[in-house]
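# Residue-level structure breakdown
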Amino acid sequence: MSHVTWAAQVAGKPVSVTEIDEREAVLRAGNRASALPRPGTSEGRQLRRWLTQLVVAERVVADEASARGLSGLGAPGRDEVLPDTAAQLEIGSVAAATLDSPLARAVFVDVTAAVDVSDAEVADYHARNPLRFALKQADPSGWRGRPVCPSLDQVRDRVAAQLRGAARRQAFREWLDARCAAVVQLAPGYEHPGDPRQPDNTHKH
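What this report covers is the structure whose coordinates are included nearby. (Residues numbered from 1 in each chain as written. Predicted model: local features only at pLDDT ≥ 70, side-chain atom pairs only at ≥ 80, totals over all residues. Heavy atoms only, no water.)

Each helix and strand in the chain was counted, giving eight helices and three strands. If you list the helices and strands of the chain from N to C, you get β-β-α-α-α-α-α-α-α-α-β. For 205 residues, the compact-globule estimate of 2.2 N^0.38 gives 17 Å, and the C-alpha radius of gyration of the chain, at 21 Å, exceeds that figure by more than 25%. In terms of overall dimensions, the chain has C-alpha extents of about 70 × 40 × 35 Å along its principal axes. Relative to its 205 residues, the chain shows a buried fraction of 35%. (Helix = DSSP H or I, 4+ residues; strand = E, 2+ residues; numbered from the N terminus. Rg over C-alpha atoms; globule rule 2.2 N^0.38 Å. Buried < 20%, exposed > 50% of the residue type's maximum accessible area, 1.4 Å probe, protein only.)

This is the structure:
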């Protein structure tokens, strides 16, 4: 790592290397420490880059909450915005970790409030995935019969909720990426883990 006192700046305000050190120390003191890469290795440096991404994303979200006059009060639970592993994967690890905070979830709700799906999108999804919400029937002996394809009217609300959730997660990730690109400056050695220009990025084509 380069010998700088800050790892990043968010809207001109520094994120100190010490803060990244402290976040790494917390991780290494946790119950998953044995799964973490060794310090000083290529993978260890990538971990610090990821932590830097998380810290700056948290700063961006906190600044946005302040600008919008939001608090974490009344924010939905984490399971409401990230209901399963697939949702966490589609939004990305940094955004998913950011949403551990009620304040971030309040920003999520505000940023994505206007995002919705149309009746046509709901009908199209159901036509392409007719068994997605299939009804599973069991006979008196306990054996389950073949899944019964529900009508669109039977599952309209569930399909809409699933599509709306996915669309809002995508909108939030795009918003967060755009805000970070606009206001974040990263120091040498603390580049994005996926930046092909940094020496520890081993994902080659």
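Core analysis: the largest hydrophobic core is formed by 33 residues, its most contacted members being L99, F172, W175 and L176. Where this core is concerned, the elements lending two or more residues are strand 1 (6–10), helix 1 (17–28), helix 2 (42–68), helix 4 (85–91), helix 5 (93–98), helix 6 (102–111) and helix 8 (152–183). Per-element tally for this core: the top contributor is helix 2, with eight residues. By size, the runner-up hydrophobic cluster in this structure holds eight residues, among which are V117, V122, F133 and V155. (Core = buried A, V, L, I, M, F, W, Y, C linked by side-chain atoms within 4.5 Å.)

Taken together, three strands build an open sheet; the order of strands is 2-1-3 and the sheet is antiparallel. Edge strands, defined here as strands with exactly one partner in the open sheet, are strand 2 (13–16) and strand 3 (184–186). Strand-to-strand, the axes of this sheet are offset by a mean angle of 25°, without reference to chain direction. Sheet topology note: the strand 1/strand 3 ladder contains three bridges and is antiparallel. The residue bridging A8 from the neighbouring strand is L186, located in strand 3. (Pairing = 2+ DSSP bridges. Axes fitted to C-alpha atoms, helices over the stretch in contact; angles between N-to-C directions.)

Where side chains of opposite charge bring their charged atoms close, a pairing between them can arise. Inspection of every chain in the model, using the stated rule, returns 17 salt bridges. Taking the shortest distance from any N to any O, the salt bridge between R49 and E191 comes out at 3.2 Å. In this pair, R49 is assigned in helix 2 and E191 in the segment after strand 3, connecting sequence segments 142 residues apart. E191 matches R49 in its accessibility class, with the two residues each being buried. (Salt bridge = Lys/Arg side-chain N within 4 Å of Asp/Glu carboxyl O.)

Their axes nearest at 9 Å, the elements helix 7 (residues 119–128) and helix 8 cross at an angle of 105°. When the axes of helix 7 and helix 8 are compared, the pair comes out roughly perpendicular. Packed against helix 7, whose contacting residues are E121, V122, A123, Y125 and H126, the element helix 8 presents L152, V155, R156, V159, A160, Q162 and L163 at the interface. Across the contact of helix 7 with helix 8, the residue classes tally to eight nonpolar, two polar and two charged. (Parallel < 35°, antiparallel > 145°, perpendicular 65-115°, else oblique. Contact = heavy atoms within 4.5 Å. Nonpolar A, V, L, I, M, F, W, Y, C, P; charged D, E, K, R; others polar.)

The next thing to look at is unusual backbone geometry. In the Ramachandran plot, A11 falls in the positive-phi region, its phi being about 55° despite a non-glycine side chain. Tracing the chain through its elements places A11 in the loop between strand 1 and strand 2. Assessed through its relative accessible area of 51%, A11 is described here as exposed.

Mapped onto the secondary structure, V26 falls in helix 1. We classify V26 as exposed; its relative accessible area is 60%. Remark: the alpha-carbon pair of V26 and R146, spanning 120 residues in sequence, is separated by 50 Å.

Closest axis-to-axis distance for the helix 2/helix 8 pair is 10 Å, and the angle between their directions is 100°. Taken together, helix 2 and helix 8 sit at an angle that is classed as roughly perpendicular. In contact with A57, V60, V61 and E64 of helix 2, helix 8 contributes F172, W175, L176, R179, C180 and V183. Each residue belonging to the contact of helix 2 with helix 8 can be placed in one class, and the counts come to eight nonpolar, no polar and two charged.

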